Amino acid sequence: MTKNLFTPITVGKLDLKNRIFMAPLTRCRATPGDHVPSELMIQHYADRASAGLIIAEATMIKPLTSTFYSEPGVYSPEQLAAWKKVTDAVHAKGGKIFLQIWHGGRAAHPDLNGGAEVVGASSIAINGFTHGPNGKVPYVVPRELTLNEISDIVTAFATAASNAVNVAGFDGVEVHGANGYLIDQFTKSGSNTRTDSYGGSIENRTRFVREILTAVTDAIGGDRVGVRFSPANGYNDMVDSDPEALATYLATELNAFNLAFVHIRRNTEGVDHTAIYRKHYKGVLVGNQKYSRDEANDAIAAGALDAVAFGTVYVSNPDLVERFEKNAALNEADTKTFFIQGPEGYNTYPTLAELESRQE
């Protein structure tokens, strides 16, 4: 039987109704300061429960690591209670939802964290600017993490995973190893110039993520854990001296963890390393980044991918599954409302049913 986006799939512990995943999308609708998920987020995720799997947005594993001013956290009782309302609403509509857990590393900024220092794999700043509470500010040079601090962060990832699943009610977690945040900073040679056991060789540079995956899978089981990478993405000033070798090594090593899935953000403007993961990684492979409905169907049918995560089109189309089923037109996303507070551009996009009722 030819598989496509609408073919059910088993992912770790979950039997999913389709292969249309909602990609993790930072939307800055949590409460600034305490990083508690807002009431708006309950409706936002519940409206998208028809996805085979929702991967909720990048979420802080510990305080003073804010990178986007009003992203959510998963470390305080208030945050966990608010997230439980989200997961309950998604589950009530028959949906499944993972939480993406992260540490921003050098992409964080003191202005977002009460002046707290920024840490990273090495003392190398991102070349560019970020948005603080009072406008654009240059990134700062991070302090290189000590070995004890690395160990503490590994533990924090495991605690966050346990909090997400056992308290907040998520079906699992995705470890964020992509897009130039802390894990990615360790793996790439351009941001990691350490001379200890976490720097130098590919084996050493990937030690951090392998330790995190060991701790997280020990905490909640590998069948509740996914991981995301962006092998050839230059976002946040990322570069590596041999990205093909890095991708090959990681894709091979990931087989040991019995993960629910590996999620790859491809490079649409250069060399794409997704095929390296398909060749060397033996589990469920999820593709992401500007896939159309037809391209995604073709990739699944050819066995190049097992599922596809959609980002921008899920911002503006809560009923994306139905629209794909009918090959219907999609709402255009308004980029000006991506990172603002409030419901506009978040819970205001109409479904097909709502559009049809307006025309009657």
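The numbering scheme is per chain: residues are counted from 1 as the chain's sequence reads. Totals for whole chains, interfaces and linings use every residue, but because this is a predicted model, local features are given only for residues with pLDDT of at least 70 and side-chain atom pairs only at 80 or more, for both listing and counting. Side-chain measures here rest on the full set of heavy atoms in the structure, leaving out hydrogens and waters.

Named according to an unreviewed UniProt entry, the chain is NADH:flavin oxidoreductase originating from Achlya hypogyna. Taken from UniProt, the Cofactor (unreviewed entry) comment for the chain reads in full: "FMN". UniProt positions are given in the numbering used here, feature names are shortened, and annotations may be inferred rather than shown by experiment. What UniProt states about the chain under its Sequence similarities (unreviewed entry) heading is, verbatim, "Belongs to the NADH:flavin oxidoreductase/NADH oxidase family."

### Description of the pattern of salt bridges
Basic side-chain nitrogens of Lys or Arg form a salt bridge, by our definition, when they fall within 4 Å of a carboxyl oxygen of Asp or Glu. The tally for this structure, following the rule as stated, stands at 15 salt bridges. For Lys188, the salt bridge is made with Asp184, and the minimal N-O distance between the two is 3.0 Å. Accessibility assignment for this pair places Lys188 and Asp184 in one class, buried. A salt bridge links Arg194 to Asp196, with the shortest nitrogen-to-oxygen separation between them at 2.8 Å. Accessibility expressed as a relative area gives 23% for Asp196, which makes it partly exposed. Any residue under 20% of the maximum accessible area for its type is buried, any over 50% is exposed, and the rest in between are partly exposed; the area is computed with a 1.4 Å probe on protein chains only.

### As for helix 2 (residues 77-92)
Counted at 1.5 Å a residue, the expected span for helix 2 with its 16 residues is 22 Å, and the 22 Å between its end C-alpha atoms agrees. Along helix 2, the residues classified as buried are Gln79, Leu80, Ala82, Trp83, Val86, Thr87, Ala89 and Val90. Residues of helix 2 that are buried in the fold lie against helix 1 (39-46), strand 4 (53-60), strand 5 (97-102) and helix 3 (147-167). Secondary structure elements are defined from DSSP: runs of H or I of at least 4 residues count as helices, runs of E of at least 2 residues count as strands, and each element is numbered from the N terminus. Gly94 sits one or two residues past helix 2 and shows a positive phi near 85 degrees. The span expected for a helix works out to 1.5 Å for each residue beyond the first. Whether two residues are in contact is decided by their heavy atoms, any of which lying within 4.5 Å being enough.

### Considering the packing of helix 3 against helix 6 (residues 207-220)
Lines are fitted to the C-alpha atoms to define the axes, a helix being fitted only along its stretch in contact, and any angle between axes, read from their N-to-C directions, falls within 0 to 180 degrees. Between helix 3 and helix 6, whose axes approach to 8 Å, the crossing angle comes to 35 degrees. As for the relative orientation of helix 3 and helix 6, their crossing is right-handed in sense. Contact with helix 3, carried on its side by Ile150, Ile153, Val154, Phe157, Ala158, Ala161, Ser162 and Val165, involves Phe208, Glu211, Ile212, Ala215, Val216, Ala219 and Ile220 of helix 6 and no other residues of that element. A clockwise turn of the near helix away from the far one marks a right-handed crossing, whereas an anticlockwise turn of less than a right angle marks a left-handed crossing.

### Re the layout of surface pockets
Computed from the structure, the largest pocket encloses a volume of approximately 1,000 Å³. Along the wall of the largest pocket there are 41 residues; nearest its centre are Leu25, Thr26, Phe68, Tyr235 and Phe339. Counting only elements with at least two residues in the lining of the largest pocket, the list comes to strand 5, strand 7 (129-132), strand 14 (307-310) and helix 10 (312-316). In terms of residues, the lining of the largest pocket owes the most to one element, strand 7, which gives four residues. Cavity and pocket criteria rest on a 1 Å grid covering protein atoms alone: a 1.4 Å probe that fits but cannot get out defines a cavity, protein on both sides within 12 Å along at least 5 of 7 lines defines an open pocket, and an atom within 4 Å of a point defines a lining residue. Grid points are joined across faces, edges and corners, and a volume is the space filled by probe spheres set on the points.

### Points about empty space enclosed by the protein
Scanning the entire structure with this criterion turns up one cavity of 30 Å³ or more. Approximately 70 Å³ is the volume attributed to the largest cavity. At the level of secondary structure, the elements contributing two or more residues to the lining of the largest cavity comprise helix 4 (182-187) and helix 7 (243-253). No other element matches helix 7, which puts four residues into the lining of the largest cavity. Taken together, the residues of the lining of the largest cavity break down into seven nonpolar, three polar and two charged. Any residue that is not Ala, Val, Leu, Ile, Met, Phe, Trp, Tyr, Cys, Pro, Asp, Glu, Lys or Arg is counted as polar, Gly included; the first ten are nonpolar and the last four charged.

### Points about unusual backbone geometry
Leaving glycine out, the prevailing phi sign among residues is negative, and the prevailing peptide bond configuration is trans. Not every positive phi belongs to a glycine, and Tyr69 is a case in point at roughly 70 degrees. As for its placement among the helices and strands, Tyr69 is situated in the loop between strand 4 and helix 2. Backbone geometry places Asn258, a non-glycine residue, at a positive phi of 50 degrees. Relative to the assigned elements, Asn258 resides in the loop between helix 7 and strand 12 (261-265).

### Observations concerning helix 3
In a regular helix each residue adds 1.5 Å, so 21 residues correspond to 30 Å; helix 3 covers 29 Å between its end C-alpha atoms and thus fits that length. Every buried residue of helix 3 is listed here: Ile150, Ile153, Val154, Ala156, Phe157, Ala158, Ala160, Ala161, Asn163, Ala164 and Val165. Of the surrounding elements, those touching the buried residues of helix 3 are helix 2, strand 5, strand 10 (172-176), helix 4 and helix 6. Two residues or fewer past helix 3, Gly169 is found with a positive phi of approximately 85 degrees.

### A word on the nonpolar core
Tyr45, Trp83, Ile101, Val175, Phe208, Tyr277 and Phe310 are the most contacted members of the largest nonpolar core, which has 83 residues in total. Among the elements that take part in this core, helix 3 stands out by supplying ten residues, more than any other. In this view, Ile101 contacts Thr59, Ile61, Val74, Phe157, Ala160, Ala161, Val173, Glu174, Val175 and His176; residues no more than four positions away in its chain are not counted. Buried residues of nine kinds, namely Ala, Val, Leu, Ile, Met, Phe, Trp, Tyr and Cys, make up a nonpolar core once their side-chain atoms join them within 4.5 Å. Counting residues in hydrophobic clusters, the runner-up holds 15 residues, among them Leu16, Phe98, Ala260 and Ala309.

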